[in-house]
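Fold and geometry: a report
Given next are the chains, with one letter for each unit.
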Amino acid sequence: MRKSLLLVCISLFLLTNCKETPKKFEKAKTPQVGLIAEKAMVVSAREEASKIGADIMKKGGNAFDAMVATEMALAVCYPYAGNLGGGGFMVYRTTYGELGALDYREKAPIKASRDMYLDETGTYLQEKSKVGGLAVGVPGTVAGIFAAHEKFGTLPIYDILTPVVSLARNGFKITKDQAIRFNKYAPVFKDVNKEESIYTKTYNEGDVFKNEALANTLQALIDEGRKAFYAGEIGEKLVSFLTKKESIITMADLAAYEAEWRDPVIFQYKNLKVISMSPPSSGGICLAQILKSIEPYNLKSFGHNTEKSIQIITEAERRAYADRSHFLGDPDYIDIPIDTLISSSYLLNRMASVSFDKATPSEEVSNGELSGYESMETTHYSIVDSFGNAIAVTTTLNAAFGSKLYVSDLGFFLNNEMDDFSAKPGTPNMFGLIGGAANAIEPQKRMLSSMTPTIVEKDGDFWMSVGTPGGSTIITSVLQTILNVYEYDMSMQDAVNAPRFHHQWLPDIIQFEPNSFNAEMLKNLETKGYTIDEINAPVIGKVDGILKLKDGTYEGGADKRGDDTAIGY
């Protein structure tokens, strides 16, 4: 039974994760260095968003003002994941060394119930948690930007969002990859929404894309603030639209939504102080577990992406993801033993069975049943300002364009985050991953996430801001980027560009980005019992990071896997 279930998991995992054509990785002849800036920088998925954020800081705004502008600009020019209808997480470090985190993750509606996706026979109706009205969680993004601005912002919302309104009204040029995505999903949008829209047309690279409805929505946020979305006309139009799509979200859900300030997960790795996102994100805890588990090993002497390095990182990942599945969820609903999970004694015991001679089969590693994972279609941005503030933000709709529901009157897509819950314990979700009780659906509960926005200090000073999209690969991509700079002395750009691998307990395979790793080494790993997936592996992560250099300037690392761009001054 266990083996058959594992085969199902592997099949579903390979089927659902092969969404992007992997690019061939070639080692640069000379080391690459990203954009260098003296004072401030934004690195995001789109040049337009990075520029708007950087321009806000040029006008005297800080990183939190730039966060509001960048987040909304991504909703305009990167609707694949940028959003008003989704949610996210922010980790920050102020110029005074204050550390914190903001949780604006989506929530289950008040009328949600544990078995809402099961029929009378107990069969999991998977499509209902992925597409359409019932898949939508209560959006948190607008609450998030206003919470950040209220606490830390310095410029008026008018000054921050007016350039974003202009971007939506005047349009932006569609990239090659974007044209492919728009055209690919256009028939799906038409089928799900039962109407034509600006997203059901055919586009070519270089076409100018305008969104008048979104410009009007953003203008309403300028004029009326947060209440326009959660208690005003935007919210009323949103609920009216959702009701027609069989959603259970009401105005009461919007009125009850609040972004939450959280204590981040903070831990030491050698002489680095790592500050990452706390639950309901699993990112910080898993990152801490993996880094602290491999800390006793001399990765630098092993070498970058060598057999021994990959083995020890994989075994640490295997154990961390097993713990993730059993212990983690919304901290407002369950007790999470964070201190124990990231303690050196606990992790030393977890790694006691590791051997360089053979793999540890995942079926021999506890714990429990796997929780849900969000999709690959997330986006991350990193910002530093001239005042010394630094933030890392990851935001998402979950799947590509979320639930595929497009509110044409308001100009934005809605998430399908409800699929990140465990809809039925023991049943694989859309990524072939099995649900656990800690992440079961409850009214107003936040679904578990893998998003890992991270700030790193070195010698008591800001050193790095980093994060990535990539679903369950987010944690391991952030991990490898930090190691690439710290252990292997790479530039930020080289660290971001370097080929990546990923293991997540179940399915028991290591994904490798294709054409990137030594063939003989991969064969050696196979002889030790590791299952290698190089053919079906997707692009793993699109990391955006900022590194503070020894001379006090900043280097941006914008992932070559996407249209990501660093802008600074």
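Residues numbered from 1 in each chain as written. Predicted model: local features only at pLDDT ≥ 70, side-chain atom pairs only at ≥ 80, totals over all residues. Heavy atoms only, no water.

Counting 87 residues, the largest nonpolar core has Met-67, Leu-218 and Leu-221 as the members making the most contacts within it. With twelve residues, the top contributor of residues to this core is helix H3 (residues 63–77). Once you skip the residues sitting within four places of it in the chain, Leu-221 turns out to touch Leu-84, Val-142, Phe-146, Ile-157, Leu-161, Ala-228, Phe-229 and Ile-234. If you look at the next biggest cluster of nonpolar residues, it comprises 83 residues, including Ala-438, Ile-482, Ile-510 and Ala-558. (Core = buried A, V, L, I, M, F, W, Y, C linked by side-chain atoms within 4.5 Å. Buried < 20%, exposed > 50% of the residue type's maximum accessible area, 1.4 Å probe, protein only. Helix = DSSP H or I, 4+ residues; strand = E, 2+ residues; numbered from the N terminus. Contact = heavy atoms within 4.5 Å.)

Looking at where Ile-482 falls in the secondary structure, it is placed in helix H16 (residues 474–486). Exposure remark for Ile-482: the relative accessible area of 1% places this residue in the buried category. Each C-alpha atom of the pair Ile-482 and Val-274 lies 9.9 Å from the other, and the pair is 208 residues apart in sequence. Not counting chain neighbours up to four residues away, the residues in contact with Ile-482 comprise Leu-272, Leu-287, Thr-454, Val-456, Met-464 and Val-466.

Further remarks concern the UniProt feature "active site" (unreviewed entry) in the protein. In the numbering used here, UniProt assigns the feature "active site" (unreviewed entry) to Thr-378. With respect to the secondary-structure elements, Thr-378 resides in strand E10 (residues 378–384). Each residue touching Thr-378, except ones within four places of it in the same chain, is listed here: Ala-81, Thr-394, Thr-395, Thr-396, Met-451, Pro-469 and Gly-470. Among the polar contacts listed, one links the side chain of Thr-378 to the side chain of Thr-396, at a separation of 3.2 Å. (UniProt positions renumbered as here; feature names shortened; annotations may be inferred. Polar contact = N/O pair within 3.5 Å; in protein donor to acceptor, adjacent residues only side chain to side chain.)

At a minimum axis separation of 10 Å, helix H11 (residues 283–294) and H16 run at an interaxial angle of 45°. Between H11 and H16, the crossing angle belongs to the class labelled oblique. The two elements H11 and H16 meet at a crossing, and its hand is right-handed. Across from Gly-283, Cys-286, Leu-287, Ile-290, Leu-291 and Ile-294 in H11, the residues of H16 making contact are Ile-475, Val-478, Leu-479, Ile-482 and Leu-483. Each residue belonging to the contact of H11 with H16 can be placed in one class, and the counts come to ten nonpolar, one polar and no charged. (Axes fitted to C-alpha atoms, helices over the stretch in contact; angles between N-to-C directions. Parallel < 35°, antiparallel > 145°, perpendicular 65-115°, else oblique. Left-handed = near helix turned anticlockwise from the far one by under 90°. Nonpolar A, V, L, I, M, F, W, Y, C, P; charged D, E, K, R; others polar.)

Here we have seven strands laid out as an open sheet, ordered E7-E4-E3-E11-E10-E2-E21, and antiparallel in their pairing. Only two strands of the sheet have a single partner each, and these edge strands are strand E7 (260–262) and strand E21 (565–568). Looking at each pair of strands side by side, their axes are set apart by 15° on average, direction ignored. Of the pairings in the sheet, the one linking strand E3 (residues 87–93) to strand E4 (residues 99–104) comprises six bridges and is antiparallel in character. The residue of E4 that forms the bridge with Arg-93 is Leu-99. Against the sheet, helix H2 (residues 47–58) contacts strand E2 (41–44), E10 and E21, and its axis sits at roughly 160° relative to E2. Along the sheet, helix H4 (residues 141–152) makes contact with E3, E4, E7 and strand E11 (390–396), crossing E4 at roughly 150°. (Pairing = 2+ DSSP bridges.)

Considering the arrangement of structural elements, one finds Arg-105 in the loop between E4 and H4. Looking at Arg-105, the relative accessible area reads 0%, which means it is buried. Of note is the side chain of Arg-105, whose polar atom sits 3.1 Å from the backbone oxygen of Met-447.

What follows deals with the confidence of the model for the protein. Across the protein, the average pLDDT comes to 92, with 91% of residues at or above 70. Confidence drops under a pLDDT of 50 for residues 1–26, and excluding neighbours within four residues, the segment shows 61 contacts in the predicted structure. Low pLDDT (under 50) marks residues 368–374, which in the prediction has 52 contacts with non-local residues, meaning those over four places away or in another chain. (pLDDT = per-residue confidence, 0-100.)

A separate point is the packing of aromatic side chains. Applying the stated criterion across every chain yields a total of 34 aromatic pairs. With a centroid separation of 5.9 Å and an interplanar angle of 70°, the aromatic rings of Phe-182 and Tyr-203 are classed as edge-to-face. Here Phe-182 is found in helix H6 (residues 176–193), whereas its partner Tyr-203 is found in the loop between H6 and strand E6 (208–209), with 21 residues between them in sequence. Tyr-203 shares its class with Phe-182; the two are buried. Each residue in the set Tyr-78, Tyr-80, Phe-172, Phe-182, Tyr-185, Phe-189, Tyr-199, Tyr-203, Phe-209, Phe-401, Tyr-406 and Phe-413 is aromatic and connected to the rest through ring pairs, giving one cluster. Arg-181 extends its terminal NZ or CZ atom over the ring of Tyr-80, reaching a point 3.9 Å from the ring centre. In this structure, Lys-308 packs its charged tip against the face of Phe-356, placed 4.7 Å from the ring centre. (Phe/Tyr/Trp six-rings, centres within 6.5 Å; stacked < 30°, edge-to-face > 60°. Lys NZ or Arg CZ within 6 Å of the ring centre and 35° of its normal.)

On to the packing of helix H5 (residues 157–170) against helix H7 (residues 212–224). Interaxial distance between H5 and H7 falls to 8 Å at its minimum, and their mutual angle equals 170°. With respect to H7, the element H5 is oriented roughly antiparallel. Along its contact with H5, which presents Ile-157, Tyr-158, Leu-161, Thr-162, Val-164, Val-165, Ala-168 and Arg-169, the element H7 presents Glu-212, Leu-214, Ala-215, Asn-216, Leu-218, Gln-219, Leu-221 and Ile-222. Residue classes in the contact of H5 with H7 are distributed as eleven nonpolar, three polar and two charged.

Each strand in a sheet pairs with its neighbour through backbone hydrogen bonds, running either in the same direction (parallel) or in the opposite one (antiparallel). Taken together, three strands build an open sheet; the order of strands is E16-E17-E18 and the sheet is mixed. With partners counted over all chains shown, the strands left at the sheet margins are strand E16 (501–502) and strand E18 (532–533), one partner each.

Burial analysis of E10 places seven of its seven residues in the buried class, which makes it a mostly covered element. Inspection of the sheet shows E2 paired to E10 by three bridges, in the antiparallel sense. Within E10, the position partnered with Val-42 by the bridge is Ile-383. Following E10, the chain reverses through five residues before pairing antiparallel with E11; Gly-388 in that reversal takes a positive phi of roughly 100°.

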